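Below are the chains, spelled out letter by letter.
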Amino acid sequence: MNTFSLHLLPFVALIISFPNVVSVCSRNRPVIFNFGDSNSDTGGFVAGLGLDVGYPYGRTFFRRPTGRASDGRLVIDFLCEYLDTDYLSPYLDSLEPNFSNGVNFAICGAATLPRNVPFNLNIQILQFKRFHNRSIELHTKGKAKGSFGALTYAQVIEKIPSFISEIKDAMWAIYQLGGRNFWVHNTGPLGCLPRELAIRNNLNTNDFDEYGCIKSLNEGAKAFNAKLKALCQQLRSQMEKSTIVYVDVYSIKHNLIINSTFYGFKNPLMTCCGHGGAPYNFDPDFDKTCLGTGYTVCEKGTRYISWDGTHYTEAANAIVASKIHSTHYSSPPLEFNFFCNSVGIS
């Protein structure tokens, strides 16, 4: 059996909470606390470490780099637009951050486990607790990337319960602080990421599915997602007066890849910003990645799904967000603005 270095199965969740009063979108904007990795990091990693991630990141919408791992907006940005609220400011942003509509604890490289990885899920929950306690005090006064390492498919499956247990503890910690509304995204088809496809040269034809993705990585992601969905079902019966929405982002992204021509995309397994050309346009040499200097980048307006081999382009993120809004991939099938009409307990 082939041995794989299966990277982070990300915990991507939107935790929705509210002030002590009823919040209706037309009157009061909801408060959003986001936990995750680079797929929803709106600049925390760059702000926290003082890094300078340059152009062409951010070229499509912001016209400048913002710390987002994309050429433009992320899914979380489109969800905020849907609620007509401001984009989330990173928790680590020290330059006049706006936390009036919530906080983004997501950061590039974060992992559910192991706990010794910087900014992992446990650290994000601790940051949330500190932020929560500080907010209560003010109110009373008047306001990296973790991986499984080189593991076989069987070893990955064996470790999934530990990841689910960590996520369970995190959700209970938030619930005990007053969080009652949870929006949980599962993980996407890891075996279709250009980076994962490009760095493996020891695979044979049987290791790929009919769409050119690595079967074992996608099967591992689906196994994790099944356990995450079961956890959400379990917690719905245990967390009184709470709403937990589980969103099947895997199916959304997989459908986008296998039906890429329908959505107007070309080369679904090839990066827009990278090096090496077809089939993946990804070179693991740092200087030849989109963060280095030896990359090439597709022309503006050319529709690619993958931006840099790991993250999606704004065009792809927009479609993912629209599918989320449809409720066809949500369990229960609630629209994202459902929380605008909920009573929050905090």
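Just so it is clear, the model here is predicted, and its values are computed rather than measured.

Criteria and cut-off values
- Residues numbered from 1 in each chain as written.
- Predicted model: local features only at pLDDT ≥ 70, side-chain atom pairs only at ≥ 80, totals over all residues.
- Heavy atoms only, no water.
- Helix = DSSP H or I, 4+ residues; strand = E, 2+ residues; numbered from the N terminus.
- Buried < 20%, exposed > 50% of the residue type's maximum accessible area, 1.4 Å probe, protein only.
- Contact = heavy atoms within 4.5 Å.
- pLDDT = per-residue confidence, 0-100.
- Pairing = 2+ DSSP bridges.
- Polar contact = N/O pair within 3.5 Å; in protein donor to acceptor, adjacent residues only side chain to side chain.
- Core = buried A, V, L, I, M, F, W, Y, C linked by side-chain atoms within 4.5 Å.
- Salt bridge = Lys/Arg side-chain N within 4 Å of Asp/Glu carboxyl O.

## Some thoughts on the environment of Ile-324
Consideration 1: Mapped onto the secondary structure, Ile-324 falls in helix α8 (residues 314–325).
Consideration 2: Ile-324 gets classed as buried once you look at its relative accessible area, which sits at 1%.
Consideration 3: It is 7.8 Å that separates the C-alpha atoms of Ile-324 and Val-249, two residues lying 75 residues apart in sequence.
Consideration 4: Residue contacts for Ile-324: discarding those within four places in its chain leaves Val-75, Leu-79, Trp-183, His-185, Val-247, Ile-252 and Ser-330.

## What to know about the confidence of the model for the chain
Consideration 1: Of all residues in the chain, 76% attain a pLDDT of 70 or more, and the chain-wide mean is 80.
Consideration 2: Confidence, expressed as mean pLDDT per element, reaches its minimum in the chain at strand β1 (residues 4–7) with 40 and its maximum at helix α7 (residues 249–258) with 96.
Consideration 3: Low pLDDT, under 50, characterises residues 1–24; the predicted model gives this stretch 117 contacts beyond four residues in sequence or across chains.
Consideration 4: Note that pLDDT drops below 50 for residues 134–148; the model gives that stretch 31 contacts with residues more than four away or on any other chain.

## So, the pairing of strand β3 (residues 31–35)
Consideration 1: The element β3 is extensively covered by neighbouring structure, given that 5 of its 5 residues are classed as buried.
Consideration 2: Of the two faces of β3, both are covered, the one formed by Val-31, Phe-33 and Phe-35 as well as the one formed by Ile-32 and Asn-34.
Consideration 3: As judged from the 3 bridges shared by β3 and strand β4 (residues 102–104), these two strands associate in the parallel manner. Looking at the pairing, Phe-33 lines up with Val-103 of β4.

## Concerning the side chain of Ser-40
Consideration 1: Position of Ser-40 relative to the elements: it lies in the loop between β3 and α1 (44–49).
Consideration 2: Among residues more than four places away in sequence, those in contact with Ser-40 are Asn-34, Leu-74, Ile-76, Asn-104 and Ala-106.

## Structural notes on the pairing of strand β7 (residues 243–247)
Consideration 1: With 5 of its 5 residues buried, β7 lies for the most part within the structure.
Consideration 2: Bridge analysis of β7 against strand β10 (residues 330–331) gives 2 bridges, and the strand direction is antiparallel. Across the sheet, the residue bridging to Val-247 is Ser-330, located in β10.

## A few points about the environment of Lys-323
Consideration 1: Take Lys-323: it is sitting in helix α8.
Consideration 2: Lys-323 gets classed as partly exposed once you look at its relative accessible area, which sits at 23%.
Consideration 3: Between the alpha carbons of Lys-323 and Val-249 there is a distance of 8.8 Å; along the sequence they are 74 residues apart.
Consideration 4: Contacts of Lys-323, omitting those with residues within four sequence positions, involve Ile-252, Tyr-263 and Tyr-329.
Consideration 5: Within the structure, Lys-323 has its side chain in polar contact with the side chain of Tyr-263 (distance 3.2 Å).

## Remarks on the nonpolar core
Consideration 1: Of all hydrophobic cores here, the largest spans 40 residues; its most connected members are Trp-183, Leu-256, Phe-265, Leu-269, Ile-305, Tyr-312 and Ile-324.
Consideration 2: Secondary-structure elements contributing two or more residues to this core are α2 (75–82), α6 (215–238), β7, α7 and α8.
Consideration 3: Ignoring anything within four residues of it in the chain, the contact list for Phe-265 reads Leu-256, Ser-260, Arg-303, Tyr-304, Ile-305, Ala-315, Ala-316 and Ile-319.
Consideration 4: If you look at the next biggest cluster of nonpolar residues, it comprises 24 residues, including Ile-160, Met-171, Phe-182 and Leu-231.

## Topic: the pattern of salt bridges
Consideration 1: Under the definition given, this model contains 7 salt bridges.
Consideration 2: In this structure, Asp-77 engages Arg-68 in a salt bridge whose closest nitrogen and oxygen atoms are separated by 2.8 Å.

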